[in-house]
Amino acid sequence: MRPLRSRLVTFTFAILLSLAPLYGLTLERPAFLAQERRVPASPPQPTLRSVFGKELAKGLEGYLTDGFPFRPELRRLHAAITFSAYLQSDKGGIYAADGGIGSFAALDEGSAAEVAAMVARVSGLLEGVNAYYSVIPDKSEYAGRYLPGFEAGAAHAAMASAPGMGGLTYVDVTGSLTYRSYYLTDLHWDQTALMPVAERLGEAMGFAFDPGPYELREAGLFKGVYAGLSALPCGPEPMGYLHWDVMEAYYLDVGSMAFVRGEVYDRGKLGGHDPYDLFLCGIQPLVALKGGGPDGRELYLFRDSFGSSLAPLLAGAYSWIYLIDFRCLDLRTLSEAVSFKPGSDALFIYSSQVINNPGSLLVR
């Protein structure tokens, strides 16, 4: 028979484990889980179907765990045990390697084909425009060891075989990047390390990349999305940006269909949920970036968040760069706001965040 003391310890632990979620219900729930960059789960609404299925139990579990007492501390303990004690290579798809902390998710070839169909459809509407496309490699490609993640080469192969893609020129930027091109704690690339990418694009698209006079400015210290998702102890890293006097940014007000002057780098975003919104104010439907290139030569940059930091490096080669984000802009609005000039360039450049998620785009 188990000793009384052992049974008491087990009983006490079971009681505490049972009462902790109830105690969590008495605490003030946070409106936002800053470390995980998400809103906590809402209490599930019981229905006849959910009661007899699994939906109610799963919803209740998510609601209680999001409000569990000492959640941040327990997440850090779990991460330490996972990586240090158990020596696992990842925790829920989050890994730690030479290039810092990242996540890996295998390429969805069907999704890549859907994105390619969108690219082919849009490029077909741009009469007389030179069309290019590129795939932004995931930082897992530079992790120093094999990870079964998103591979830019495989994504290109899946997209190139889609109908209508033969009229576009592919620009491979994989060799222009290393793990040092990305933030250690985030999925995004570091603008201050993108000169080789701009040079490669210039070689393929017919312009000689010349950064000209610019200023490297410090934005402060930065903790990326993986710092919170991994719960690993990691300090902030420096964040910088490149400033050119020639640039001006104008943002489309969809309500009035007018462009409004704004900041190229909005330092006010550094204190928000995603400091990467420093670059051209984060997610915007349409941004017109005035550059210093030859009059009449324009670039139509179909992009996700990575394009916000890339565009300023290309501004010296174009008079205007239009940054187009189909995650919050449709074709009708685009056609009303922009007149595409023959002889100009179009570049479709997307990361795994879009290529694996075609449903995020408003173009079908």
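Below: a short report on this structure. (Residues numbered from 1 in each chain as written. Predicted model: local features only at pLDDT ≥ 70, side-chain atom pairs only at ≥ 80, totals over all residues. Heavy atoms only, no water.)

**Describing the overall build of the chain**
Here is the rule we go by: Each helix is a run of DSSP H or I of at least 4 residues and each strand a run of E of at least 2, with the numbering of both proceeding from the N terminus. Per-residue accessibility, obtained with a 1.4 Å probe over protein chains only, is compared with the maximum for each type, and a residue is labelled buried under 20%, exposed over 50%, and partly exposed between these values. By the convention used here, residues are in contact when the closest approach between their heavy atoms is within 4.5 Å. Values of accessible area rely on a 1.4 Å probe in the Shrake-Rupley scheme; residue burial ignores everything except the protein chains shown.
When helices and strands are counted, the chain shows 11 helices and 13 strands. Evaluated residue by residue, the chain yields a buried proportion of 46% over its 364 residues. By sequence separation, contacts in the chain at least 24 residues apart represent 70% of the contacts at least 6 residues apart. Total accessible area on the chain is roughly 18000 Å²; 57% of this is exposed by carbon and sulfur atoms.

**Some points on the side chain of D304**
Note the threshold: Positive charges come from Lys and Arg alone, negative charges from Asp and Glu alone, with His and the N- and C-terminal ends not counted. A pairing counts as a salt bridge when a side-chain nitrogen of Lys or Arg comes within 4 Å of a carboxyl oxygen of Asp or Glu. Definition of a polar contact: a pair of N or O atoms within 3.5 Å, with one able to donate and the other able to accept a hydrogen when the atoms are protein atoms, and with sequence-neighbouring residues admitted only if both atoms are side-chain atoms.
Inspection of the secondary structure assignment puts D304 in the loop between β11 (298–303) and α9 (306–314). For the buried D304, no salt bridge is present, and the opposite-charge side chain at shortest range is R327, 5.9 Å distant. A distance of 3.1 Å separates a polar atom in the side chain of D304 from the backbone nitrogen of F306.

**Topic: helix α7 (residues 195–205)**
As a reminder of what qualifies: The arc in question is formed by the directions pointing from the helix axis toward the C-beta atoms.
Within α7, burial applies to M195, V197, A198, L201, G202 and M205. Projected down its long axis, α7 carries its buried residues within an arc of 160 degrees, all on one side. Buried-residue contacts for α7 involve β4 (130–135), β7 (237–243), β11, α9 and β13 (345–350). Looking at the residues trailing α7, positive phi occurs at G206, about 85 degrees.

**Describing the pattern of salt bridges**
Summed over the entire model, instances satisfying the criterion amount to seven salt bridges. Put simply, R217 and E215 hold a salt bridge, and the shortest N to O gap is 3.3 Å. Judged by relative accessible area, which is 28%, R217 ranks as partly exposed. Here E215 falls in the partly exposed class, since its relative accessible area comes to 41%. Two residues, D345 and R297, come together in a salt bridge whose shortest N-O distance is 3.1 Å. On the criterion of sequence distance, the pair formed by D345 in strand β13 and R297 in the loop between β10 (286–290) and β11 is long-range, its members being 48 residues apart. What makes D345 buried here is its relative accessible area of 2%.

**Overview of the sheet that holds strand β9 (residues 258–262)**
Selection rule: For two strands to be treated as a pair, DSSP must find at least two bridges joining them. Axis definition: a line fitted to C-alpha atoms, over the contacting stretch in the case of helices. Angles run 0 to 180 degrees between N-to-C directions.
Spatial ordering of the open sheet is given by β5-β4-β13-β11-β12-β10-β8-β9, a layout of eight strands whose pairing is mixed. Each edge of the open sheet is held by one strand with a lone partner, namely β5 (169–170) and β9. By the bridge criterion, five bridges tie strand β8 (residues 248–253) to β9 in an arrangement that is antiparallel. Within β9, the residue paired with Y251 across the bridge is V260. Sheet contacts for helix α5 (residues 109–123): β4, β11 and β13; angle to β13, the most-contacted strand, approximately 170 degrees. Across the face of the sheet, α7 comes into contact with β4, β11 and β13 while running at roughly 135 degrees to β13.

**Observations regarding the packing of α5 against helix α6 (residues 152–160)**
Short version of the rule: Roughly parallel means an angle under 35 degrees; roughly antiparallel means over 145; roughly perpendicular covers 65 to 115; every other angle is labelled oblique. By convention, the crossing between two helices is left-handed when the near helix turns anticlockwise from the far helix through less than a right angle, and right-handed when the turn is clockwise. Lys, Arg, Asp and Glu make up the charged group, whereas Ala, Val, Leu, Ile, Met, Phe, Trp, Tyr, Cys and Pro make up the nonpolar group; the residues left over, Gly among them, are polar.
Interaxial distance between α5 and α6 falls to 8 Å at its minimum, and their mutual angle equals 55 degrees. In terms of their interaxial angle, α5 and α6 are classed as oblique. Along this stretch, α5 crosses α6, giving a crossing that reads as right-handed. Only A155, A158 and M159 of α6 make contact with α5, whose side of the interface consists of E109, A112, A113, V115 and A116. Residues of the contact of α5 with α6, tallied by class, amount to seven nonpolar, no polar and one charged.

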